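Each chain is listed here by its residues.
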Amino acid sequence: MHNIYKVLVTFFLVAITVFSATAQNRTYSPYSRYGLGEIQDGGFGRNAAMGNTGIALSSSYNLNNLNPASYFSMDSISFFFEGGVTGFDQKIKTNDMEAQFSDMNFSYFAIGFPVAKWGFMSIGVKPESLVGYKFFDDNESTDIPITDGNYTRSNYQGDGNTTKAYAGIALSPIDNLSFGAHFSYVFGKVSHYSIAQFPNDPNAFKLVTSEQISVNDIYMDFGVQYRLKLKDRHNMVFGAIYNPKTGVKGKLKKLVAAGTNFNQDGVTIINADTLSFTETKFNGNALELPEKFGFGVAYNIDDLLTVTADYSIAKWSDTEFPSLSTSTTDPNAFTIGDEQTFAFGLEYIPNYRSASFYPSRIKYRLGTSYKQEYLITPAAAGGNHLEDFGITFGMGLPLKRSKTSFNLAFEWGQRGSTDNSLVKENYMRFTMNLTLHEYWFRKRKFD
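Residue numbers run consecutively from 1 along every chain, following the written order of its sequence. With pLDDT at 70 or above as the cut-off, local features in this predicted model cover only qualifying residues; side-chain atom pairs require 80 or more to be listed or tallied, and sums for whole chains, interfaces and linings still use all residues. Note that the side-chain values use all heavy atoms of the structure and ignore hydrogens as well as water.

(A) The arrangement of the overall build of the protein chain in detail. Scanning the protein chain for helices and strands turns up two helices and 20 strands. The proportion of buried residues among the 447 residues of the protein chain is 48%. Taking the intrachain contacts of the protein chain between residues at least 6 apart in sequence as the baseline, contacts between residues at least 24 apart amount to 68%. Numbering of helices and strands runs from the N terminus, with a helix taken as a DSSP run of H or I at least four residues long and a strand as a DSSP run of E at least two residues long. Buried means the residue's accessible area, taken with a 1.4 Å probe over protein chains only, is under 20% of the maximum for its type, while exposed means over 50%, and partly exposed covers the values in between. It only takes one pair of heavy atoms within 4.5 Å for two residues to be counted as in contact.

(B) The side chain of Asn235, seen in detail. Relative to the helices and strands, Asn235 resides in strand S8 (residues 234-243). You can call Asn235 buried: its relative accessible area is 4%. Here a polar contact is taken to be a pair of N or O atoms separated by no more than 3.5 Å, where protein atoms must pair a possible hydrogen donor with a possible acceptor and residues adjacent in sequence count only if both atoms sit in side chains. Engagement of the side chain of Asn235 in a polar contact is seen with the side chain of Arg227, the distance being 2.9 Å. Looking at Asn235, its side chain comes within polar contact range of the side chain of Asp302, at 3.3 Å.

(C) Representation of the packing of aromatic side chains. Classification of ring pairs uses Phe, Tyr and Trp, with its six-membered ring standing for Trp, and accepts pairs whose centres are within 6.5 Å; under 30 degrees between planes counts as stacked, over 60 as edge-to-face, and the remaining range as tilted. One pass over the structure, following the stated rule, counts 14 aromatic pairs. Taken together, a centroid distance of 6.0 Å and an interplanar angle of 45 degrees make the contact between Tyr28 and Phe88 tilted. In this pair, Tyr28 is assigned in the loop between helix H1 (2-20) and strand S1 (38-39) and Phe88 in strand S2 (residues 79-93), connecting sequence segments 60 residues apart. Taken as a pair, Tyr28 and Phe88 share a single burial class, namely buried. Measuring from centroid to centroid gives 4.8 Å for Trp316 and Tyr374, while their planes differ by 35 degrees, and the two rings are tilted. With a gap of 58 residues between them, Trp316 in the loop between strand S14 (305-314) and strand S15 (335-336) and Tyr374 in strand S17 (residues 363-376) connect regions that are remote in the sequence. Both residues of the pair, Trp316 and Tyr374, belong to the buried class. Each residue in the set Tyr28, Phe88 and Phe101 is aromatic and connected to the rest through ring pairs, giving one cluster.

(D) Here's a closer look at the nonpolar core. Membership of the largest hydrophobic core comes to 28 residues, with the highest contact counts inside it found for Tyr31, Ile213, Val215, Leu287 and Leu375. If you look at the next biggest cluster of nonpolar residues, it comprises 10 residues, including Leu63, Met74, Phe80 and Phe120. Among the buried residues, those of types Ala, Val, Leu, Ile, Met, Phe, Trp, Tyr and Cys that are joined through side-chain atoms within 4.5 Å form a nonpolar core.

(E) Looking closely at unusual backbone geometry. With phi around 75 degrees, Arg233 is a residue other than glycine that occupies positive phi space. Of note, Arg233 is situated in the loop between strand S7 (206-229) and S8. Judged by relative accessible area, which is 41%, Arg233 ranks as partly exposed. Phi at Asp303 is positive, roughly 60 degrees, even though this residue is not glycine.

(F) Summary view of the pairing of strand S20 (residues 424-438). For two strands to be treated as a pair, DSSP must find no fewer than two bridges joining them. Direction of pairing for S2 relative to S20: antiparallel, over a ladder of 15 bridges. From the neighbouring strand, Gly83 faces S20, where its bridge partner is Leu434. Bridging between strand S19 (residues 405-416) and S20 involves 12 bridges; their strand directions are antiparallel. Looking across to S20, one finds that Gly413 is bridged to Tyr427.

(G) Geometry of the confidence of the model for the protein chain. Confidence scores per residue from the predictor, reported as pLDDT, run from 0 to 100. Taken as a whole, the protein chain shows an average pLDDT of 83; of its residues, 84% reach a score of 70 or greater. Looking at the elements of the protein chain, mean pLDDT is at its lowest for H1, recorded as 52, and at its highest for S14, recorded as 97.

(H) Highlighting the pattern of salt bridges. Between Lys or Arg on one side and Asp or Glu on the other, a salt bridge is scored when a side-chain nitrogen of the former is within 4 Å of a carboxyl oxygen of the latter. As enumerated under the stated definition, the model contains 15 salt bridges in all. Ionic pairing is found between Glu279 and Lys251, a salt bridge with its closest N-O pair at 3.4 Å. With Glu279 in strand S12 (residues 273-289) and Lys251 in strand S9 (residues 246-259), this residue pair connects regions lying 28 residues apart in the sequence. The salt bridge involving Arg415 is made with Glu425; its shortest N-O contact spans 3.8 Å. Remark: Glu425 occurs in strand S20 and Arg415 occurs in strand S19; sequence separation between them is 10 residues. Across the pair, Glu425 and Arg415 agree in class, each one buried. Among the charged side chains, a salt-bridge network with shared partners connects Glu38, Glu373, Arg415 and Glu425.

(I) Just the side chain of Lys292, in detail. If you trace the backbone, Lys292 turns up in strand S13 (residues 292-301). Those residues in contact with Lys292 that lie beyond four places of it in its chain are Asp41, Ile241, Tyr242, Asn243, Ser312, Ile313 and Ala314.

Next up, the structure:
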C-alpha cells in the first residue's frame, strides 16, 4: 500500500509541473498557423534517438508510448518513471529574410507498473499539438493601387497548445503476443490572429481577426506486438498500431474588431468596435483526428543490438480540420492531405555486462526519419506535400548496475523549402530524459 501512495504522489506532483508549463512556447514555425498547429506524435527518450521509431520496440528498460502493446515487456516487480526536457533551435528562412529562435521546455512524463500478472499499465502526459508563430507581410507592390501613399501590413501570430493525458494497458492472452490500448483525454486552446494596418498612418484603424479553438474530449488508440524467437538471444518483433477516426468536442470563437491602438500583447485592441463575433460549439463535425495505421519490425540480439523500421499513414484527407480543406479554389491557399512517415533506428551496446569499462555499457543510438506531412503547399507554389527530414543520434547512460538510465538524444532536421516563396526551417532538437527504475512491488522476506 505504501508503494501505491508513492505512485499517486509522484503522478500528482509531476502533473502539476506539466500543466504549469502548457503556456510555454514550444515552436516558432509559421506552419503551425493552421488548425491545431504542429501535431506531436513522437515518442520518449529512447525513441527520439532512434528516428522516433517504436511500433515494434519492446524493452524492460524503457517505456515506449508509441505502441501500448509494448508495456507488456516490463517485468512484474518493477516501477518506471520517465520524464524529459527538450531544447530546440529553429532557423526560419525565406528568399528575403532569416530568423532564429531557441527555447527549452519540460516535455513529458510517464509512469509504468504492473497491475497483475496478466497486465501492465502506463500513465502519462505529453503535448498533442503546438502553435507558436509571429510574422508579417507588407504589400508595397506598385501594381496594386494604395491611396494616400500608404501601404498595408498584415501581421499574423498565434500561440497555445493542446495536451494529452493518457492511461495505457497491455495484456498477453498467449505467449509472445501482446495487445494494448491507450485511453486519452485531450484538452487545451490554440489562438490564431491576423492584424491588418497602415504603418504610414498612425491614426488609421487596425483590423483584427481572431480565431480561438478549445478542445476537450476522449479518444482511444490500439496496438499489437508479436515476438518471434529465432536462435539463442536472437528474435524479431512485429508491431502494428491503429487509431480510429475520431471527432473531437470543442468550441470555436471568431472575432473581427477594429480600433486604433494595441495592448502590449499585440492583439487586444483599445477602444475597439466589434464588427462580428460568433461562438460555436462542435461535437466532431468541425474537428476530427484522422484514422491512422502503422507497421513496424525490429530485429534484436538481446543486450547487444536492435535494428528497427516503421511506416505509418494518417488519413487527414478524410477529416474535417479547422482552416483547411482537401480542395480550394484559391491557388494561394494550403490544403490538407494524407501524412506518411518512414523511420529507421538502431541501438548498439558493446558489452552490457562489462564491470571495468563503463563506455562498453552505454547504449549508442541513431536513426533517421522522413515525413510527408498533411500540409500541401498552395497550387501556385507547386501543390506538394510539406516534407520533413531528420537525422537523430544519442545514448543511454546506465546508472550503477540497474535499469535506471539517463538518456540523451539529438536531432537535426529540415522542413520545407524556399522554393516558390515558401519557408524553410532548419532545426536542432536536444532531449534529456531520465528513466528511473525501482523494484517497488517485490515482497520482502524479512522486515
